[in-house]
Amino acid sequence: MKKILIFIFSAGFLLLSNIGFAQNASDLRINEVLVTNINDFQDDFGQQEAWVEIFNTSYGTVNIGGCYLTDDISNPTKYFIPKGDVLTQIKPRQHILFWVDDLGFRGTFHVNFKFDPTKENFIALFDSNGRTLIDSLTIPVLAPNVSFGLPEDGIRFIREKDANGQKVTVDLATALPNTTPSTNNHLKDQDSANQRLISNDPTGLGMAATAMMVVFTVLILLYGVFRYTGHYNVKKSKKNALKAQGLPTNNVKESTVVPGEGSGELYAAIAYALYLYQNEIHDEESAILTIDKVTRDYSPWSSKIYTLRQTPTVNKK
Amino acid sequence: MRFLSVQGESFFEFLGDNLNTFLSYTAFAHFTVGHVVMLLVGLFFLYLGIKKEFEPMLLVPIGFGILIGNIPFDTAVGFQVGIYEEGSVLNILYQGVRQGWYPPLIFLGIGAMTDFSALISNPKLMLIGAAAQFGIFGAYVLALLLGFSPNEAGAIGIIGGADGPTAIFLSSKLAPDLMGAIAVSAYSYMALVPVIQPPIMRLLTTKKERVIRMKPPRVVSKNEKILFPILGLLMTTLIVPSGLPLLGMLFFGNLLKESGVTRRLADTASGPLIDVITILLGLTVGASTQATKFLTMKSIGIFGLGALSFIIATAAGVLFVKFFNIFLKKGSKINPLIGNSGVSAVPDSARISNHVGLEYDKTNYLLMHAMGPNVAGVIGSAVAAGILLGFLS
C-alpha cells in the first residue's frame, strides 16, 4: 500500500511539474511590437512591415520552434512556428523578431496574419501544446513608427504600493520612445556596477565595511544556531548519561556528569593503547629466515599425525 | 654529383631550407628574456615543492605547469598546442579554470575531508574566521588606491582569503586576465604561511597572552555533525546566494562524510576526485602564466598586494581575539595565537598556531582549537567571494 502511495505521489508530481511548458518556453516574453511601420526597420525583402519581438528572459537557450503565435485568443494555433530551424533557438537574454505581414510563405519569421493599424491589436504566444498561454499583449492605436512594449527587457509586471499604501500589480507595457528591434529596449551601461562604485565609493571603504558586515552577520547567525544546538546536545547527553547510571534526570543542570570527559588516567591509557597498536604494525618482522637446520624437541604441535584429518567412520544403526 | 629537384633546386639547398624552417619552429627561435625568467620561476617553485616540501601538492604541479606554459613556439603556424589556443589539449583542460568549475569540485573534496567538530564544539571561534576576512577587503581598498578597477581590486583582494580555489573562482569571473597572477600569488603565499605569519603573531601578542590555556573541546554528537552542513548551507547561501557554487559543494562534501551512509562517495570526493582536479588545476594554472601575458607591472602589483592582504588578515585575526577576550570570562579566554588561523589555509595556519604556542609552553597544544577558526575561514572566504561577486559582477 505504502509503495502504491509513493508511486501515485511521484507520478502526480511528475505530471504536475510537466504541465504545458516544453523546453522552458515559459521564459519567453513579448517584448516589443510595432504595428505601423512606415519608414522603420526593413525585412530581408526590403519591405517595412509590422513586427513582434520576443525576448528570452532566462540564462539558457530556449527554442521557440513548435510554439504558436496568434492575434486571436479563440484560435491559439493560428501560426505554428516551424520546428527544425536553427534560427528559432534564442540565446540567453537575447531576442528574436517575427514579421506580422501575412506572408507566411516567406519563411519561419513571417507569420500568416496581419495587424490592423486603425484599431487595437492583440498578440499572444502559446506553448507547443497549443493550450498554455505564455504571454500576450494588447497594443493600442499608436502613431506610425511608435512601438509598444516593455521599457526594461522581459519585465512586464511589478508590485508596488499605491496611494493608499496597498500593494498592487502594475503593468509596465507602454509606448516606447524609440523602436529597438532585436536589441535591448533599455540599453544599460554594461559596466554600471563598476562605474557606480568608482563614482560613489572611490576609496572602497564603503563596500569593504558593507561586505565585512555581511560576513560577520552570516557567521554570527551560524554561531547563534550552533550555540543553541550545542547547549541542547550537551543537555541531552547529560540526561542520557544520568539515565544510564540510574540517577534521576529531572535536575540535569546541577549534575556533574559531563559526557565525554574522563580522568587523565583514562586518556593516558587510551593514548598508550594507541601507541602500542601503532608500534605493533611494522614492516620488518623479528623472525629470522634461515636455511640452517633447526632442531626442535618433539611437540604435539609439530607432529604430522595431529595435522592429518581423521579417517571418516560410517555410523551404522 | 648534384641531386636536382624538379624545380632545379639542389637537394642540399632543399635540405638546408627544411632545416632552417625546422629551426624556426623550435623554441630556441622564439625565446625572450621573459620566457627565461618564467622558466626560472617554475624551477624555483619545483625546488620549493620538492626540496623544501613547501605545499608540494600545489607547487609541484604549478611549477611544472609554468615550465610547460613557457616553452615558446611559433603561434602563427597554428600547432594548436598552447593553452590560449582554442581547441588545444591544454586549452580544453584550462576550461575548468576559465569557466570556474574546478574550484567547486575542490571544495567538494575539502568538505569531504574536513572535520568541523572543533568549530561545532566552540562556535564562537567562527567570529575569528570572519575577522580574518579583513585581509580581503583591506587589499581591495589598497588595490583601488593603486589604480586597479573595482573588479580587479575584488579579484586581487581575495588572495587575502588564503584560499586558492576561491581566488581562482572569483578571478575567473571578475578579472580573467589577471587570473594567472592571482592564482600563482595566492598559492605562493599559502606555501609561505610558515614564513609570513609567526613574526606578526609574536609582534601583536604579549608573553602572557601566548600561554593562555583554552578549555578542551567537548565531544560533538553525530547529529550535530550532520546538522552542520545542512544548516550551514541554508544560513550562508540564503544570505549570499552568489556563494552557492563554493559553499554548496563544501557543505555537500561534508554531509557525504558525516552522514555515515555515503562512505564510498565521500572517499571518492576526498580521494581520487580531488587528486585529479588538483593535478589539472595546478598544471593549467601554472601553464597559464605565459611570459607574454604574465610578466607585466600589474602582476608585480598583484604580488605586492597579495603579501599585504596576508599580513592584514593575520593581524586582523590576532587583534580580533585580543579584542574578544575583553568580553570573555577568565576561564574562557582564547589564546590570540589562534587568531592567524582565521585565514583559510587549512591546516597550515592551524599548525603555525600550534607550533608558535609550543615555543612558549611545551604542553599547550593549540592545534584542535586553531582548527575551529581555520575551517571557519574557509566558510568566511567563500562568503566573502560571494559578496564580491554579488557587488561587482
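Engineer: Honestly, the overall build of chain B in this entry has me stumped. Any pointers?
Structural biologist: Within chain B, the secondary structure is distributed over 20 helices and 0 strands. The proportion of buried residues among the 393 residues of chain B is 57%. Excluding contacts between residues fewer than 6 apart, the proportion of contacts in chain B whose partners are at least 24 apart in sequence is 75%. For chain B, the exposed area adds up to about 16900 Å²; of that, 69% sits on carbon and sulfur atoms.

Engineer: I'm lost on unusual backbone geometry in this one. Help?
Structural biologist: The phi torsion of most residues other than glycine is negative, and most of the peptide bonds are trans. Backbone geometry at Asp102(A) places phi at a positive 55°, although glycine is not the residue there. Tracing the sequence through the fold places Asp102(A) in the loop between strand E7 (95–100) and strand E8 (121–126). One non-glycine residue, Glu53(B), lies in the positive phi region at around 55°. Tracing the backbone shows Glu53(B) in the loop between helix H2 (33–50) and helix H3 (56–69).

Engineer: Is there a simple way to explain the interface of chain B and chain A in this structure?
Structural biologist: Interface size, as often reported, equals the accessible area lost upon joining of the parts. Counting residues at the interface gives 40 residues for chain B and 32 residues for chain A. Counting the surface lost from both chain B and chain A, the interface buries some 3000 Å², and carbon and sulfur atoms represent 84% of this. Per-residue buried area on chain B facing chain A is highest for Met126(B), Met235(B) and Phe391(B); these three make up 17% of the total on that side. Where chain B meets chain A, there are 0 salt bridges. Counting residues per element, the ones that place at least two in the side of chain B that touches chain A are helix H7 (126–131), helix H8 (134–145), helix H9 (150–157), helix H14 (222–239) and helix H20 (367–392) of chain B.

Engineer: When you look at the sheet that holds strand E4 (residues 68–70) of chain A in this model, what are you seeing that I'm missing?
Structural biologist: By definition, the strands of a sheet pair up through backbone hydrogen bonds, in either a parallel or an antiparallel sense. All names here are of chain A. Strand order across the open sheet formed by 4 strands is E5-E4-E8-E9, with antiparallel pairing between neighbours. Only two strands of the sheet have a single partner each, and these edge strands are strand E5 (79–80) and strand E9 (133–139). Pairing analysis gives 3 bridges linking E4 to E8, with the strands arranged antiparallel. Paired with Leu69 across the two strands is Leu125, which belongs to E8.

Engineer: Honestly, the packing of aromatic side chains in this entry has me stumped. Any pointers?
Structural biologist: Using the criterion set out here, one finds 19 aromatic pairs over all chains in the structure. A network of ring pairs unites the aromatic residues Phe216(A), Phe134(B), Phe320(B) and Phe324(B) as a single cluster. The residue whose ring lies beneath Arg210(B) is Tyr360(B), and the NZ or CZ to ring-centre distance is 4.6 Å.

Engineer: Honestly, the sheet that holds strand E2 (residues 50–56) of chain A in this entry has me stumped. Any pointers?
Structural biologist: Residue and element names in this part refer to chain A. Sheet architecture is open: 5 strands sit in the order E7-E2-E1-E10-E13, paired in antiparallel fashion. The outermost strands of the open sheet, each flanked by one partner alone, are E7 and strand E13 (174–175). Sheet topology note: the strand E10 (residues 148–149)/E13 ladder contains 2 bridges and is antiparallel. Note that in E13 the partner of Gly149 across the bridge is Thr174.

Engineer: Would you mind going over the packing of helix H10 (residues 164–174) of chain B against helix H11 (residues 179–191) of chain B with me for this structure?
Structural biologist: Any two packed helices are characterised by the angle at which their axes cross and by the distance between the axes. Residues and elements named next belong to chain B. Where H10 meets H11, the closest approach of the two axes is 9 Å, and the angle between their N-to-C directions is 165°. The orientation of H10 with respect to H11, classified from their angle, is roughly antiparallel. For the pair H10 and H11, the sense of crossing is right-handed. Counted together, Gly164, Pro165, Ala167, Ile168, Ser171 and Ser172 of H10 and Met179, Ile182, Ala183, Ala186, Tyr187 and Met190 of H11 form the full contact between these two elements. When the residues that make up the contact of H10 with H11 are grouped by side-chain class, the tally is 9 nonpolar, 3 polar and no charged.

Engineer: Would you explain the environment of His110(A) in this entry?
Structural biologist: All names here are of chain A. Residue position: His110 is located in the loop between E7 and E8. For the pair formed by His110 and Trp99, sequence separation is 11 residues and the distance between their alpha carbons is 4.7 Å. Leaving out residues up to four positions away in the same chain, His110 has contacts with Asp43, Phe45, Tyr79, Trp99, Asp101, Leu103 and Gly104. Polar side-chain contacts of His110 include one of 2.5 Å to the side chain of Asp101.

Engineer: In this structure, what is going on with the side chain of His35(B)? I would like to understand it.
Structural biologist: Examined against the element boundaries, His35(B) turns out to sit in helix H2. Engagement of the side chain of His35(B) in a polar contact is seen with the side chain of Thr32(B), the distance being 2.8 Å.

Engineer: Just to check I follow, could you spell out the pattern of salt bridges for this structure?
Structural biologist: Oppositely charged side chains can form a pair if their charged atoms are brought close together. Under the defined criterion, the tally for this structure stands at 10 salt bridges over all chains. Across the salt bridge formed by Glu258(B) and Lys257(B), the nearest N and O atoms sit 2.9 Å from each other. In the salt-bridge network here, residues are joined through shared partners; they are Asp135(A), Arg156(A) and Asp171(A).

Engineer: Can you walk me through a nonpolar patch on the surface in this structure?
Structural biologist: Residues Leu221(A), Ile230(B), Leu234(B), Leu238(B) and Ile239(B) make up a contiguous nonpolar surface patch of roughly 440 Å² in combined accessible area. When residues in the nonpolar patch are grouped by element, the largest group, 4 residues, is from H14(B). Within the secondary structure layout, Ile230(B) lies in helix H14. Classification of Ile230(B) by relative accessible area gives partly exposed; the value is 36%.

Engineer: For this particular structure, what's the right way to read helix H3 (residues 205–244) of chain A?
Structural biologist: Turn by turn, an α-helix covers 3.6 residues, leaving residues three or four places apart pointing in a common direction. The first and last C-alpha atoms of H3(A) sit 57 Å apart over 40 residues, in line with the 58 Å expected at 1.5 Å per residue. Phi turns positive, to about 75°, at Gly246(A), one or two residues after H3(A).

Engineer: What is the right way to read the packing of helix H12 (residues 193–204) of chain B against helix H18 (residues 297–325) of chain B from this model?
Structural biologist: Residues and elements named next belong to chain B. Here H12 crosses H18 at 35°, and the two axes come no closer than 10 Å. Between H12 and H18 lies a crossing whose hand is right-handed. Two secondary-structure elements touch here, H12 through Val193, Ile196, Gln197, Ile200, Met201 and Leu204 and H18 through Phe310, Ile311, Thr314, Ala315, Val318, Leu319 and Lys322. By residue class, the composition of the contact of H12 with H18 is 10 nonpolar, 2 polar and 1 charged.

Engineer: Is there a simple way to think about the nonpolar core in this case?
Structural biologist: Within soluble globular proteins, side chains that are nonpolar generally end up buried alongside one another. Leu119(B), Phe137(B), Ile156(B), Phe228(B), Ile334(B) and Ile379(B) are the most contacted members of the largest nonpolar core, which has 121 residues in total. With 14 residues, H20(B) is the single largest residue contributor to this core. Setting aside chain neighbours within four positions, we find Ile334(B) in contact with Lys124(B), Leu125(B), Ile128(B), Ile212(B), Met214(B), Val321(B), Phe324(B), Asn325(B) and Leu328(B). Counting residues in hydrophobic clusters, the runner-up holds 30 residues, among them Tyr79(A), Ile81(A), Ile123(A) and Leu150(A).

Engineer: I'm lost on the confidence of the model for chain A in this one. Help?
Structural biologist: For chain A, per-residue confidence averages 81 on the pLDDT scale, and residues scoring 70 or more make up 76% of the total. In this model, residues 15–22 of chain A is a region of pLDDT below 50 whose contacts with residues beyond four sequence positions or in other chains number 9 contacts.

Criteria and thresholds
Residues numbered from 1 in each chain as written. Chains lettered and ligands numbered in written order. Predicted model: local features only at pLDDT ≥ 70, side-chain atom pairs only at ≥ 80, totals over all residues. Heavy atoms only, no water. Helix = DSSP H or I, 4+ residues; strand = E, 2+ residues; numbered from the N terminus. Buried < 20%, exposed > 50% of the residue type's maximum accessible area, 1.4 Å probe, protein only. Contact = heavy atoms within 4.5 Å. Areas by Shrake-Rupley, 256 points an atom, 1.4 Å probe, with all protein chains shown as cover. Buried area = accessible area lost by both parts, 1.4 Å probe. Salt bridge = Lys/Arg side-chain N within 4 Å of Asp/Glu carboxyl O. Pairing = 2+ DSSP bridges. Phe/Tyr/Trp six-rings, centres within 6.5 Å; stacked < 30°, edge-to-face > 60°. Lys NZ or Arg CZ within 6 Å of the ring centre and 35° of its normal. Axes fitted to C-alpha atoms, helices over the stretch in contact; angles between N-to-C directions. Parallel < 35°, antiparallel > 145°, perpendicular 65-115°, else oblique. Left-handed = near helix turned anticlockwise from the far one by under 90°. Nonpolar A, V, L, I, M, F, W, Y, C, P; charged D, E, K, R; others polar. Polar contact = N/O pair within 3.5 Å; in protein donor to acceptor, adjacent residues only side chain to side chain. Patch = residues over 30% accessible without salt bridge, like charges linked within 9 Å, V, L, I, M, F, W, Y side chains within 5 Å. Expected span 1.5 Å × (residues − 1). Core = buried A, V, L, I, M, F, W, Y, C linked by side-chain atoms within 4.5 Å. pLDDT = per-residue confidence, 0-100.

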